[in-house]
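Tertiary structure, described
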Amino acid sequence: MLLSQLNEHNLEIKRDAEFNQLGMATTVYDTESVLSFLENDKFLNSILENPNIVAVVTSKEIFEQGLIPKDYGIVLSDNPKLLFYEIHNVLVNMGFYRKKSDNIISASSEVSINAHIADHNVQIGDNCIVEPGVVIYPNTKIGNNVIIRASSTIGSEGFQFLNDGERIISVKSAGGVVIEDNAEIQSNTCVDRGVFGGNTTIKKDAKIDNLVYIAHDVIIGQRTMVVAGSAIGGRTVIGDDAWIGINATVSNGLTIGDKCNVSLGAVVTQNVPEGKTVTGNFAIDHKKFIEFIKSIR
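Report on the accompanying structure. Given the structure is predicted, the values throughout are model-derived calculations rather than measurements.

What about the pairing of strand β14 (residues 153-156)?
If a strand is regular, its side chains alternate between the two faces of the sheet. Here two bridges tie strand β11 (residues 135-136) to β14, and the two strands are oriented parallel to one another. Counted as the bridge partner of Val135 is Thr153 from β14. Relative to strand β19 (residues 190-192), β14 is paired through three bridges, and the arrangement is parallel. From the neighbouring strand, Ser156 faces β19, where its bridge partner is Asp192.

So, in C-alpha cells, the structure goes:
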C-alpha cells in the first residue's frame, strides 16, 4: 500500500512510499517495507539501523532537521505516535494485515468438543491434543504433535494501549500465534497474538508450564522451558535451550540468549547474554547475587 492511498484520512504526506506492515523501530520484521514512527530524534539511529523501515510518521521539527534520508516516506503529525496507532487501527479494520481463510484441522488431532476454535484462520497439524476449555483465536498456526492443556488461551488480544493525556486508545492486534512441532502448553496459560501483523512464536519442542503469560510478539526458542507463574513481556526474544524459572518476570523488548537460566522469582530488566544465569530483583549475574547474600548474612 502507498501512503497516498491513506489520503482520505487527511494525512500530511511529504514523501510517498509503499509499505506492507507497520512496526516498531527496535524490531526487525520478516518484511522489507515497514512504516514506523519517530517522535524523538534520539531514536533516529534505531530507524536508520532497521533495514525494514521505509517510511516514518514524524513531526515537522524533526523532518526539517534534514536527518531522515530522502528515500524514506514521510508523514507529518503533531503527535506521531498517536497518528501511527490510528493508522494501524484503520488498517486492521480494512483487513490489511490478514485475509480470512478456512480452518485446516488434521483429522488425526484430538480436539475436545469443549474447546472453542475460531471459525477461520486456524491451522492444527497432525497428532495434536487440544483439551477442554482451550480457546484458540484466529491467525493461529499449530504444528504437529503439539499439546495444549485445559483452559489455556491462544491468540488473545495483546495488551497494547496508548495514553494521549486525554484518553486511552486501544491498539488492535493484527498478528497471530505460531506454535511449532512438539511444543507443549500446559493449563491456564495465555499466549497473546502479535500486534503489527507478525507472530508470537513458540518454537519446536518448547515447553510452557501452567499459569504462564506470554505477551504479544514474543519468541520462545527451541527446547526452552518456561515454568509456572512466569510472565514474558511483549517483543522479548528468548533463545534456544533456556530456562525461565518459577514466577520469573521478564520485561518487554529484551533478548535472552541461548542456554540462559533465569532463576525462580527473578525480575529481568536487561538483555541476558548467551549461557548466563541471572538471579534476583533486579536480576544480576547469579554468582554476584550469591556473593552479595553471603556478605549481608
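A short note on unusual backbone geometry
Following Asn281, the chain continues to Phe282 via a peptide bond in cis, the omega torsion being -5°. Mapped onto the elements, Phe282 comes out in the loop between β32 (277-279) and β33 (284-285). For Asn145, which is not a glycine, the phi torsion comes out positive at approximately 60°. By the element assignment, Asn145 lies in the loop between β12 (140-142) and β13 (147-148).

Comments concerning the pairing of strand β20 (residues 199-202)
Note that strand β17 (residues 176-179) and β20 share four bridges and pair parallel. Bridge pairing links Ile179 to Ile202 in β20. Relative to strand β23 (residues 219-220), β20 runs parallel, the two sharing two bridges. If you follow Thr201 over to β23, its bridge partner there is Ile219.

Topic: the nonpolar core
The nonpolar side chains of a soluble globular protein tend to be buried with one another. Ile136, Ile179, Ile202, Ile214, Ile220 and Val268 are the most contacted members of the largest nonpolar core, which has 41 residues in total. Those elements that place two or more of their residues in this core are β9 (122-124) and β17. Other than its neighbours up to four places away in sequence, Ile179 contacts Lys141, Ile142, Gly143, Val146, Ile148, Ile154, Ile185 and Ile202. Leu6, Leu76, Val171 and Val195 belong to the second-largest nonpolar core, a separate cluster that totals 39 residues.

Regarding a nonpolar patch on the surface
Together, Phe159, Phe161 and Ile168 line one region of the surface with nonpolar side chains, adding up to about 380 Å² of accessible area. Within the secondary structure, Phe159 sits in the loop between β14 and β15 (161-163).

Digging into the sheet that holds strand β10 (residues 129-130)
Reading across from one edge, β7-β10-β13-β18-β21-β24-β27-β30-β32-β33 is the order of the ten strands in this open sheet, with mixed pairing throughout. Each end of this open sheet is capped by a strand with a single partner; those strands are β7 (110-111) and β33. Across two bridges, strand β24 (residues 225-226) lies against strand β27 (residues 243-244) in parallel orientation. Residue pairing across strands places Val226 opposite Ile244, the latter belonging to β27.

Considerations on the sheet that holds strand β8 (residues 116-117)
On the basis of which strands lie adjacent, the open sheet formed by eight strands has the order β8-β11-β14-β19-β22-β25-β28-β31 and parallel pairing. Of all the strands in the sheet, just β8 and β31 (267-268) have a single pairing partner and so form its edges. Pairing of β8 with β11, which is carried by two bridges, proceeds in the parallel orientation. In the strand pairing of β11, Ile117 is matched with Ile136.

Considerations on helix α3 (residues 80-94)
In this model α3 runs 21 Å from its N-terminal to its C-terminal C-alpha over 15 residues, within 8% of the 21 Å that 1.5 Å per residue would give. The set of residues buried in α3 consists of Pro80, Leu82, Leu83, Phe84, Tyr85, Ile87, His88, Asn89 and Leu91. Against the buried residues of α3 lie β2 (21-22), β3 (34-38), β4 (53-58), β5 (73-76), β15 and β16 (168-170). Where α3 ends, the next residue or the one after it, Gly95, has phi of about 75°, a positive value.

Quick look at helix α4 (residues 286-296)
For α4, a buried count of zero out of eleven residues is recorded, marking the element as mostly open to its surroundings. The distance from a side-chain oxygen at the start of α4 to the backbone nitrogen of Lys287 is 3.2 Å, and the residue carrying that oxygen is Asp285.

Examining the packing of aromatic side chains
Inspection of every chain in the model, using the stated rule, returns eight aromatic pairs. With a centroid separation of 4.9 Å and an interplanar angle of 45°, the aromatic rings of Phe37 and Phe84 are classed as tilted. One end of the pair, Phe37, is in strand β3; the other, Phe84, is in helix α3, and 47 residues separate them in sequence. The two residues Phe37 and Phe84 agree in class, both being buried. Between Phe84 and Tyr85 the ring centres are 5.3 Å apart and the planes differ by 70°, which places this aromatic pair in the edge-to-face class. A connected cluster of aromatic rings, assembled from ring pairs, spans Phe37, Phe84, Tyr85 and Phe196.

Definitions and limits used
Residue numbers run consecutively from 1 along every chain, following the written order of its sequence. This being a predicted model, a pLDDT of at least 70 is required before a residue's local features are given, and a value of 80 or more before pairs of side-chain atoms are given or counted; all residues contribute to the totals for chains, interfaces and linings. The basis for the side-chain values is all heavy atoms of the structure; hydrogens and waters are excluded. Here the rule is simple: two strands pair whenever DSSP picks up at least two bridges between them. Helix numbers and strand numbers start at the N terminus; a helix is a DSSP run of H or I with at least 4 residues, a strand a run of E with at least 2. For our purposes a nonpolar core is just a set of buried Ala, Val, Leu, Ile, Met, Phe, Trp, Tyr and Cys residues, chained together by side-chain atoms within 4.5 Å. A simple rule labels every residue: compare its accessible area, found with a 1.4 Å probe on the protein chains alone, to the largest value its type can have, and call it buried under 20%, exposed over 50%, or partly exposed in between. Any two residues having at least one pair of non-hydrogen atoms within 4.5 Å are treated as being in contact. By definition, no residue in a patch forms a salt bridge, and every one has over 30% relative accessible area; like charges are joined within 9 Å, nonpolar side chains (Val, Leu, Ile, Met, Phe, Trp, Tyr) within 5 Å. Only the protein chains shown count as covering a residue, and every accessible area follows the Shrake-Rupley method with a 1.4 Å probe. Basic side-chain nitrogens of Lys or Arg form a salt bridge, by our definition, when they fall within 4 Å of a carboxyl oxygen of Asp or Glu. What a helix is expected to span follows from its residue count: subtract one and scale by 1.5 Å. Think of a polar contact as two N or O atoms within 3.5 Å of one another; within protein, one of them needs to be a possible hydrogen donor and the other a possible acceptor, and neighboring residues in sequence only count if both atoms come from side chains. The rule is short: rings of Phe, Tyr and Trp, with Trp giving its six-membered ring, pair when the centres are within 6.5 Å, and they are stacked under 30 degrees, edge-to-face over 60, tilted in between.

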